[in-house]
Each structure stands twice: as C-alpha cells, then as structure tokens.
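Structural overview
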Amino acid sequence: MIPYIFCFSLSVILFKLNEKIEKGRQFVLTWVAILIPCLLAGLRDVTIGTDVGGYLKLLADAAFNARNFADYIDTNWYVNGSLNGTSGYEIGFVAVVYIVIKIFKSRLAVQFAIQLLTILPIYTAIKKMGYPKWLGMLVYYLFLFHSSLNVMRQLMAMAFVLLAWTEIASNESKKINRKCVIWTVAAISFHTSALISVLIYWLYWMVTADDSVAVIGRKKYDMKSMKIFFISLIGAVFVAFGVGTLVALLSALNLDKYVGYINGEIQFMPNQLIARFPMLVILAINWRTLFEKDKAGRFYVLMAALDLILSQFTSASTYGGRISMYFSQFQILSVGAVYRTCKNRNLMLIGMISYFIFYWWFYFVYKGSDQTIPYVLGI
C-alpha cells in the first residue's frame, strides 16, 4: 500500500506545483509527474492485477518468440484446457505488446507503455477541459488506477474515449473532427467495448443541443434538464426489461463475447448506489451552478446517473458492471467542474477528496478489488 500512497502523493504534488511556475518550465515537471505512476505500473510483478498473468504475460511471451508480426498473430496456446491465442485480442492492443517487446525485450516495459497510453489521454482530456490537473489526476489514481493494472485493455480504451469526447466538448461547433475519429478508432482497437462511445457522443449532443423551455401548467422547465431525467428513466427501464433486445443486438454485431456480461437476472444492487451516493449528493447540491457555469455540467450529471443504472448489470455477472466504467470515468472531469463552479469551493473539495480516499481504501485496500495490494516488484 505504501508504494501507491507515495507515488500518488508525489505525482499530485508535482502537478500542483506545476501551477505555480512559469509555463516554459512546466514541461519537465509534467512528464515527471506522469512517469512516476507509469513506473509504478511497469515495475509490478505478474501477480499484481489478475489479467497480467491471465493474458498479458502470454501475449508478451508470444511476441518475444515470434519471428514476425504475422507469426505472432497466428500464435495459440492452451489455458485450462481451452484453446486461446493472439488473434482473440484486439489488434491495437496486441500491436502495442509486439512493438514494445521487440524494442525493449521486457514485459515490464509493456506494462509501462500500457499505463502511459492510459494516463496520457486522461491528462490531456483534463487539460483540454481546463480543470485543475492535480485534482483530476488524483481522482484517476484513487478511482481507476488500480483497475488499469488489471482491466488493461478496457482502461486504455476508456482513456481514449474520454479524450475523443473532449474533442467534441471543447469544440464550439460540437462536431466530430479528425482527432475525435482517430482517438475513437484507437479506443476500439484496444477494446471493442469502446463502440459504446458512439452512444456517449450522441448523449452529449442530446443533452446540450436544446436551449428551449417547456411550459407545463404555470411552470417552466429547461429542456436540457428534462432530457437528463427522461434519458435516465429510459435507461433504467431498458436495463430492467430490455436486456433481451441488447443481447440480440450484440449477437447481430458479432459481439457475442459481451453477451455473458449482461445475460442473466438483473436485480437492484443497493451497494452500487451506496458506492456512488456521496458523489451523487455533491452533484445534486451544486447542480444549479454546475449547469449555469459549465457547458458540460448537465452531461456529467447524466453520466453519473447512467453509471448508477448500468452498474446494476453487476448482478448478472462479475463482469457486468464493467460497461458502466465508460460512464463513471467522467467523474475525473466532473470533480474539476464542481470545484471550478461551486460556491463553497474548499468545503466541496474536502468532501470530494475524502470520498475518493475512502473509496480507494474500501475497494482496493480492504476488499482487494483487482488484486493489486500489496504491491510486489517484478524485478
């Protein structure tokens, strides 16, 4: 646990110090702050993060022994009596493994590169939205860093989806540009579940497109806020009653491997609500200033609501809740939005940081999620 606390703290302090120095000197401090957690991830043992031994080591070994990339793609192996192979993984991810192995001849270098390709898009996304970088990165460390040591492909994909979305959100025209397309394609090449990014972009357009007001009786209702309610309601109804349709859609798109994530009995899980409740309360308390002063404020609230709704898929399977991570990652940005727009800034900051510290301790230290604690060096 101590290595994580030390590296997180040092990195965040450097990001914070970066705000106090001249722009011309920020480059070095920024890269040191980024590389510290990358080294932590890179130097870890194969036992840190269940998927490292599950597939990363096998892919790295295959890349090391392959004569060329075609040979690498054709490599197969048996795991617990089942045939598996390189071709069963997304092309972008296996290409990263192959290139790094051929250059550095080390699985540790691959682990470093994977974390770098996760942190860089997240840092860039925070920077593009103009939020405090130290705060956004602190939330990433406490909330998603440990998952990135385990669910590596999806976290890489999530990071690039976040970056692609900022290309739309930071663009006054709210149109998809070339960078957005590139980052989205990269995300899908790391994990095909990133196809959900299309839905996320559409939801952003939906919730920010209409400034009109609906008049019901004598009361006026902001249509953007009404959309948050109705989209959340539709999402809840769909999760409760429309899973069969989603299963059929995944099968039609040749994404049968994700059917097992959701194909089961869906039950309400209070623990998923409890885990998100503090941040939902903070968003609710600050909703007025958040909506008025941040162009993406409503979108962040919608993402938090859909995260809670989709987390109920955890009741269907162990992996069911992973799809909600594409929505929960927007907390990295929403905390910055709250901090920048709220009236009681210091109080809100203490509340948000306290919540994420407790979340980190409870899930990763106490419960041992993602099997990353205690930290073990791989050298």
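What comes next concerns the included structure. As the structure is a computational prediction, the values presented were derived from the model and not from experiment.

Things to note about the environment of Arg 345
- Along the chain, the position of Arg 345 falls in helix H20 (residues 345-366).
- Overall, the relative accessible area of 36% leaves Arg 345 in the partly exposed class.
- Not counting residues up to four positions away in its chain, the partners in contact with Arg 345 are Tyr 339 and Arg 340.

Things to note about unusual backbone geometry
- Here the amide bond leading from Ile 373 into Pro 374 is cis, since omega sits at 5°, within 30 degrees of zero.
- Positive phi, normally seen in glycine, also occurs at Lys 105, with a value near 60°.
- Looking at the element boundaries, Lys 105 is found in the loop between helix H5 (91-104) and helix H6 (107-129).
- Here Lys 105 falls in the exposed class, since its relative accessible area comes to 52%.
- Positive phi outside glycine occurs at Gln 371, with the angle close to 50°.
- Relative to the helices and strands, Gln 371 is located in the segment after H20.

What to know about the packing of helix H1 (residues 2-18) against helix H7 (residues 133-143)
- With their axes 9 Å apart at the nearest point, H1 and H7 run at an angle of 165° to one another. As judged from the angle between their axes, H1 and H7 are roughly antiparallel. Our pair here, H1 against H7, has a crossing hand that is right-handed. Taking contact as the criterion, the partners of Phe 8, Ser 11, Val 12, Phe 15 and Lys 16 in H1 are, on H7, Trp 134, Met 137, Leu 138, Tyr 141 and Leu 142.

Brief notes about the side chain of Asp 45
- Mapped onto the fold, Asp 45 is located in the loop between helix H2 (26-42) and helix H3 (50-65).
- Buried charge Asp 45 goes without a salt bridge, the closest partner of opposite sign being Arg 107 at 5.3 Å.
- At 2.8 Å, the side chain of Asp 45 forms a polar contact with the side chain of Thr 47.
- If we ignore the near neighbours within four places in the chain, the residues touching Asp 45 are Arg 107, Val 376, Leu 377 and Gly 378.

Looking at the pairing of strand S1 (residues 76-79)
- Pairing of S1 with strand S2 (residues 82-85), which is carried by 4 bridges, proceeds in the antiparallel orientation. Residue pairing for S2: Tyr 78 is matched across the bridge by Leu 83.

Some words on the packing of helix H15 (residues 270-285) against H20
- Axis separation between H15 and H20 bottoms out at 9 Å; the angle between their running directions is 160°. Here H20 runs roughly antiparallel to H15, going by the angle between their axes. Considering only the axes of H15 and H20, their crossing is left-handed. Contacts from Asn 271, Ala 275, Arg 276, Pro 278, Met 279 and Ile 282 in H15 reach Met 348, Gly 351, Met 352, Tyr 355, Phe 356, Tyr 359 and Tyr 363 in H20.
- Residue composition of the contact of H15 with H20, by class: 10 nonpolar, 2 polar and 1 charged.

Focus: H7
- Taken across its 11 residues, H7 has 10 buried, putting it largely inside the fold.
- Here H7 has its buried residues at Trp 134, Leu 135, Gly 136, Met 137, Leu 138, Val 139, Tyr 140, Tyr 141, Leu 142 and Phe 143.

Examining the packing of aromatic side chains
- Taken as a whole and judged by the stated rule, the model has 38 aromatic pairs.
- Across the ring face of Tyr 55, the terminal group of Arg 153 is positioned such that the distance to the ring centre comes to 4.9 Å.

Considerations on the pattern of salt bridges
- Under the criterion given, the structure shown has 7 salt bridges.
- The closest approach of N and O atoms between Lys 128 and Glu 167, which form a salt bridge, is 3.7 Å. Of this pair, Lys 128 sits in helix H6 while Glu 167 sits in helix H9 (residues 152-169); the two residues are 39 residues apart in sequence, bridging distant segments of the chain.
- Its salt-bridge partner being Arg 276, residue Asp 307 comes within 2.8 Å of it at the nearest N-O pair. Highlighted residues: Asp 307 in helix H17 (residues 297-310) and Arg 276 in helix H15, separated in sequence by 31 residues. As far as the burial class goes, Asp 307 and Arg 276 line up, both buried.

The rules we used
- For every chain, the first residue of the written sequence is number 1, and numbering continues from 1 along that sequence.
- Local features in a predicted model are, by the rule used here, given only for residues with pLDDT of at least 70; side-chain atom pairs are given and counted only at 80 or more, and totals for whole chains, interfaces and linings are based on all residues.
- The basis for every side-chain value is the complete set of heavy atoms in the structure, and neither hydrogens nor water enter the calculation.
- Counting from the N terminus, the helices are DSSP H or I runs at least four residues long and the strands are E runs at least two residues long.
- Here the term buried applies to any residue with accessible area under 20% of the maximum for its type, exposed to any over 50%, and partly exposed to those in between, with areas from a 1.4 Å probe on protein chains only.
- Any two residues having at least one pair of non-hydrogen atoms within 4.5 Å are treated as being in contact.
- Convention adopted: a line fitted to C-alpha atoms gives each axis, helices being fitted over their contacting stretch, and angles between N-to-C directions are expressed from 0 to 180 degrees.
- Orientation is classified from the angle alone, with under 35 degrees giving roughly parallel, over 145 giving roughly antiparallel, 65 to 115 giving roughly perpendicular, and any other angle giving oblique.
- In this scheme the crossing of two helices becomes right-handed for a clockwise turn of the near helix relative to the far one and left-handed for an anticlockwise turn of less than a right angle.
- Only four residue types enter the charge count, namely Lys and Arg as positive and Asp and Glu as negative; His and the chain termini do not.
- The term salt bridge refers to a pairing of a side-chain nitrogen on Lys or Arg with a carboxyl oxygen on Asp or Glu at a separation within 4 Å.
- Under the rule applied, a polar contact is a pair of N or O atoms within 3.5 Å (in protein, one hydrogen donor and one hydrogen acceptor; residues adjacent in sequence only if both atoms are side-chain atoms).
- A pair of strands counts as paired when DSSP detects no fewer than two bridges linking them.
- Each residue gets one label: Ala, Val, Leu, Ile, Met, Phe, Trp, Tyr, Cys and Pro are nonpolar, Asp, Glu, Lys and Arg are charged, and the others, such as Gly, are polar.
- Centre distance within 6.5 Å is the pairing criterion for rings of Phe, Tyr and Trp, where only the six-membered ring of Trp is used; planes under 30 degrees apart are then read as stacked, over 60 as edge-to-face, and the remainder as tilted.
- Two thresholds decide whether a charge sits over a ring: the Lys NZ or Arg CZ must be within 6 Å of the ring centre and within 35 degrees of the ring normal.

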